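Working through the structure, step by step
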Amino acid sequence: MRIGYFLSCEEYTPAQLIEQAKMAQEAGFQSLWISDHYHPWNDEQGQSPFVWSIIGALSQVVSIPVTTAVTCPIMRIHPAVVAQAAATSAVLHDGRFVLGVGTGEALNEHILGDRWPFAEERLEMLEEAVGVMRELWDGGFVTHHGKHYTVDQAQVYTLPPRPPKVYVSAFGPRALEVAARIGDGYVSTMPDADLVRRFRDMGGGDKPVQGGFKGSWARTEEEGVKTAHRLWPNSGVPGELSQVLPSPKHFEQASQLVTEDMMRESVACGPDPAKHASQLQAYEKAGFDEVYIANMGPHYGELIEMYRTEFL
């Protein structure tokens, strides 16, 4: 199983993200994930730079693969524009860029005032969006009049030698079927062997499966718990709330139900590498090909150094 580093755009400035990427590559991490958000999950996180600018900057400082985890190409940005952005990113990264996609959250996608579609409709939109992007990556002028998207005589001129791979995030049965059918790989944030098996049985075969989790490095477990609870209580918000709540303020309200003890149970907090080893083993046993680790809080240098000495 390959180990990569997860860049959290919701929490860190552009300069910090670039610094982390350089440190991660030097430490031996084999690849990068990067989140694609318009808003952070809460105001305490406090950042949200435009991911395509960061991806361009990354191409000048690292040579390991980069995957968006994940981009939603169905509302906030038209898939024809995402196709151009992904193609340019693949050129800049010499083909080492992967477009991870999903059906997104209202938190990021409602900003233009569009109605937030229900889950089945978003899946339908995602499938059409991926089809539009792949048609544009094939080259030539594209005109498309679909159920959700129109493209009128568009051509992406700057193309990589091979189209970008598209990995699809999915959790429910219908989403897994779509991911297995249209994806070049699968993305999940849960070390669930049943999800991996179902993806492969539904047609995913031996396509790559990526997963990821967050840790909170600190000098003590208690400090790590408090940092995780202050910055990322939203990770404990259950069910479909993460998909339908429209603003950081709403997440802050829902996160009041998340306790420090809940964060202690779900997040590898503090300096102990054994907690990270346990998380890594869970993904490995579930059948993941790649796993990405993110840091919560200011001590990302220490977390990266721990991985260098203990795992990489």
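Structure: above.
Notes on the structure in this doc start here. (Residues numbered from 1 in each chain as written. Predicted model: local features only at pLDDT ≥ 70, side-chain atom pairs only at ≥ 80, totals over all residues. Heavy atoms only, no water.)

Examining the pairing of strand β5 (residues 142-145)
Here β5 shows one buried face, formed by Val-142 and His-144, and one open face, formed by Thr-143 and His-145. As judged from the three bridges shared by β5 and strand β6 (residues 150-154), these two strands associate in the antiparallel manner. From the neighbouring strand, His-145 faces β6, where its bridge partner is Thr-150. Counted between consecutive antiparallel strands, the loop separating β5 from β6 contains four residues. (Buried < 20%, exposed > 50% of the residue type's maximum accessible area, 1.4 Å probe, protein only. Helix = DSSP H or I, 4+ residues; strand = E, 2+ residues; numbered from the N terminus. Pairing = 2+ DSSP bridges.)

Regarding the packing of helix α2 (residues 51-58) against helix α3 (residues 79-92)
Taken N-terminus to C-terminus, the directions of α2 and α3 make an angle of 15 degrees; their axes are 9 Å apart at the nearest point. The angle between α2 and α3 falls in the class roughly parallel. For the crossing formed where α2 meets α3, the hand is left-handed. The residues of α3 that touch α2, namely those facing Trp-52, Ile-55 and Gly-56, are Val-82, Ala-85, Ala-86, Ser-89 and Leu-92. Class assignment for the residues of the contact of α2 with α3 results in six nonpolar, two polar and no charged. (Axes fitted to C-alpha atoms, helices over the stretch in contact; angles between N-to-C directions. Parallel < 35°, antiparallel > 145°, perpendicular 65-115°, else oblique. Left-handed = near helix turned anticlockwise from the far one by under 90°. Contact = heavy atoms within 4.5 Å. Nonpolar A, V, L, I, M, F, W, Y, C, P; charged D, E, K, R; others polar.)

Here we look at the pattern of salt bridges
Should their charged atoms come close, side chains of opposite charge can pair. According to the stated counting rule, one finds 23 salt bridges in the structure shown. Taking the shortest distance from any N to any O, the salt bridge between Arg-197 and Asp-194 comes out at 2.4 Å. Of this pair, Arg-197 and Asp-194 are both found in helix α7 (residues 193-204), three residues apart, which corresponds to roughly one turn of the helix. Taking relative accessible area as the criterion, Arg-197 reaches 44% and is therefore assigned partly exposed. When salt bridges with common partners are traced through the structure, they connect Glu-120, Glu-127, Arg-174, Glu-177 and Arg-181 into a single cluster. (Salt bridge = Lys/Arg side-chain N within 4 Å of Asp/Glu carboxyl O.)

What about the side chain of Thr-67?
With respect to the helices and strands, Thr-67 occurs in strand β3 (residues 66-68). Given a relative accessible area of 2%, Thr-67 falls into the buried group. If we ignore the near neighbours within four places in the chain, the residues touching Thr-67 are Leu-32, Trp-33, Ile-34, Val-98, Gly-100 and Gln-210.

Some remarks on the environment of Phe-50
In this structure, Phe-50 sits in the loop between β2 (32-34) and α2. For Phe-50, a relative accessible area of 48% corresponds to the partly exposed category. Separated by 41 residues in sequence, Phe-50 and Cys-9 place their C-alpha atoms 8.4 Å apart.

Interpretation note: all reported values are geometric properties and have no functional meaning in isolation.
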